[in-house]
Every structure is written in structure tokens, then in C-alpha cells.
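Coordinate analysis (summary)
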Amino acid sequence: MLRFDDHLAIAVSGGKDSLSLLHILAKMKRFRPKTQLTAVTVDEGIDGYRNEALEIAAANCKELEIPHHIVSFKELYGFTLDEIVSRARGRGETELTACAYCGVLRRKAINAGARQVHANKVATAHTLDDEVQTVLMNIFHGDIMRLAKEKPVTSEVHPLLVQKIKPFCEIPEKESALYAYVKNIKFQDTPCPYASEALRNDIRGMINLMESKHAGTKFTVFKAIERLRPALEQTAAKEKFRTCTECGEPSALDVCKCCEMLRHVR
Ligand SMILES: [Zn+2]
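Fair warning: this is a prediction, and the values are worked out from it, not measured in the lab. (Residues numbered from 1 in each chain as written. Predicted model: local features only at pLDDT ≥ 70, side-chain atom pairs only at ≥ 80, totals over all residues. Heavy atoms only, no water.)

1. Thoughts on unusual backbone geometry
- A positive phi is found at H118, a non-glycine position, where the angle reads about 65°.
- Here H118 shows up in the loop between helix 5 (98-116) and strand 4 (121-123).
- The phi dihedral of N184 falls on the positive side, at around 60°, and the residue is not glycine.
- Along the chain, the position of N184 falls in the loop between helix 8 (173-182) and helix 9 (198-213).
- When its relative accessible area of 71% is taken as the criterion, N184 is described as exposed. (Helix = DSSP H or I, 4+ residues; strand = E, 2+ residues; numbered from the N terminus. Buried < 20%, exposed > 50% of the residue type's maximum accessible area, 1.4 Å probe, protein only.)

Set out below in C-alpha cells:
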């Protein structure tokens, strides 16, 4: 995942996983003088929640002497997440949850932030638990081809898409949390007020139950997909990227998902 001369943009939300990752990468950097680190935090614009996280992220960066870059929805898209959600609800559009908007917009924001700081890779703190939950969610949604695309090290598919790596993909969430506690790292522990991913919560409960009854289940699922992925990749049609006619970013369709969502909000 890592090269000695990488410039990593670390996606730091202010939660325990991303701050554990920040601290560990900062520690590694001491022995890799050519490695550059920049923390990137997305300010979605969630009143009463994101400000605390921004302060915590900034304090950790200051302590570790890592530059901190903030990308905001308001600046990028013209609206905060709060505004997007209230506009959509005001128009009676209830199909998409706040998490659905946020997931799409944040992905693009992190990529934009990484490009702004000229990083060559984005490191995110997705843990083994996150990865296994996503695998099962994709299966439950019938979205099998996403198993091929969402991997711990993304393929370099487009010059405008910064490569993503997940250094914690084989670290159970409990261990990432333990690291934060043992190292006395200050993190935000209040959940996002919009957190409502019902399917993910059910799957998390199910996997944790399986893990407690059959130790090693999480690793087994992760490894199974790792072995299956090359075959899926061969089956998946090579995705052709076009350029979004509205924002100029890479997109599978004429208009990217982000711009499509924002059309409904404007
Ligand atoms: Zn677009």
C-alpha cells in the first residue's frame, strides 16, 4: 500500500479509527523522511456535530505537526448537508436518506481535497468490520460487481481519481478503538445525528454475533472476497469513464451521481 515517497492524504473525520490511523502513520513517517502526510477533513455542514470533530481533528494534527486541510460541502457544492436534507424533505423527496446524499458527496469531496493538496494517495481508516459489513451489504443489495471495485487498494482508473488505500482493512474495529484508548487519543465519540443506516446496523449485529460464536468469521469473509475478487474483476466489463457534463469530473454516465443529486436540491 505504501511507498517510501508517498504523499498521503489521510481522511480524518475526528472519530477513533481515523485518529488512530493518523497517529500510526505519523509514527511511521519518523522513519520515512521522504513520506509526506496531510490530513483532510470533510466539513459536510452538520450543525452541532461537525464543529466538534473539526476542532478535535485540528488539535491532533497540531500535536503531530501534520498539515490539516478542510474541504466543505458548502464551498464545493453550494449547500451544507443540513441544507440539502431540509430542501429535499421540504419537497417531499424522502427516497434518499441523509447518509445516501452524504456518502456520494463525501467521496467526491475527499478526492477533491486530496487533489488540492497534491497527494498521490488517499488513506482511509476503514476497519475489517467496515469492510466485511460493506461486503455483506453489497451481497444483500445484489450489487455483486461492487465487490470487485471496492477493494483495499483501488486501481488507478482515471488521472483525476486519486488512488485509495485502506491500511486498517485487516484490523478489527475493537483493536483500532483499543489503540485510541491506550494512546489517550482525544476523539469524537458522539454519533452523527443523521446516522440511520438501518441495513448496516443489522448486518453489524449479525456479524458480531457470528464472530462471538465462531471466532475468526470476519477474517474468513474478508479473505474469501479477496480470493474471489480477481475472478469478479475479469467478469466485470471494463468501466469506461466519461466526463461529467456539469462538473467535469470523471463519471460513468453523462452526468455524475453527485451532480444528479444536486439537481434535485437546487
Ligand atoms: Zn458532475
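2. Section: the packing of helix 1 (residues 16-29) against helix 2 (residues 50-64)
- Following both chains from N to C, one finds helix 1 and helix 2 inclined at 10°, their axes separated by 11 Å at the closest point. Between helix 1 and helix 2, the angle falls in the class roughly parallel. Residues L19, L22, H23 and A26 of helix 1 lie in contact with helix 2, whose contacting residues are I56, N60, C61, E63 and L64.
- Grouping the constituent residues of the contact of helix 1 with helix 2 by class yields 6 nonpolar, 2 polar and 1 charged. (Axes fitted to C-alpha atoms, helices over the stretch in contact; angles between N-to-C directions. Parallel < 35°, antiparallel > 145°, perpendicular 65-115°, else oblique. Contact = heavy atoms within 4.5 Å. Nonpolar A, V, L, I, M, F, W, Y, C, P; charged D, E, K, R; others polar.)

3. What to know about empty space enclosed by the protein
- As enumerated under the stated definition, the model contains 2 cavities of 30 Å³ or more in all.
- The calculated volume of the largest cavity comes to roughly 90 Å³.
- In terms of lining residues, the largest cavity is bounded by E131, V132, T134, V135, N138, L147, E150, P152, F222, I225, E226 and R229.
- For the lining of the largest cavity, the secondary-structure elements that each account for two or more residues are helix 6 (128-141) and helix 10 (217-235).
- Considering each element in turn, the lining of the largest cavity owes the most residues, 5 residues, to helix 6.
- Classifying every residue of the lining of the largest cavity gives 6 nonpolar, 2 polar and 4 charged. (1 Å grid on protein atoms, 1.4 Å probe; cavity = no way out; pocket = protein on both sides within 12 Å on 5 of 7 lines; lining within 4 Å. Points joined across faces, edges and corners; volume = space filled by probe spheres on them.)

4. Notes on the coordination of the zinc ion
- Looking at the zinc ion, the protein donor atoms are C244 (SG), C247 (SG), C256 (SG) and C259 (SG), and they sit 2.3 to 2.4 Å from it.
- Coordination at the zinc ion comes from 4 donor atoms whose angles at the metal span 104 to 115°, giving a geometry best classed as tetrahedral.
- One chain supplies every donor for the zinc ion, spaced along it as C-x2-C-x8-C-x2-C.
- With relative accessibility at 3%, the residue C244 sits in the buried group.
- On the basis of relative accessible area, C247 is assigned to the partly exposed category, the value being 30%. (Donors = N, O, S within 2.8 Å, 3.2 Å for Na, K, Ca; no water. Tetrahedral: all angles 85-135°; square planar, octahedral: opposite > 155°, others 65-115°.)

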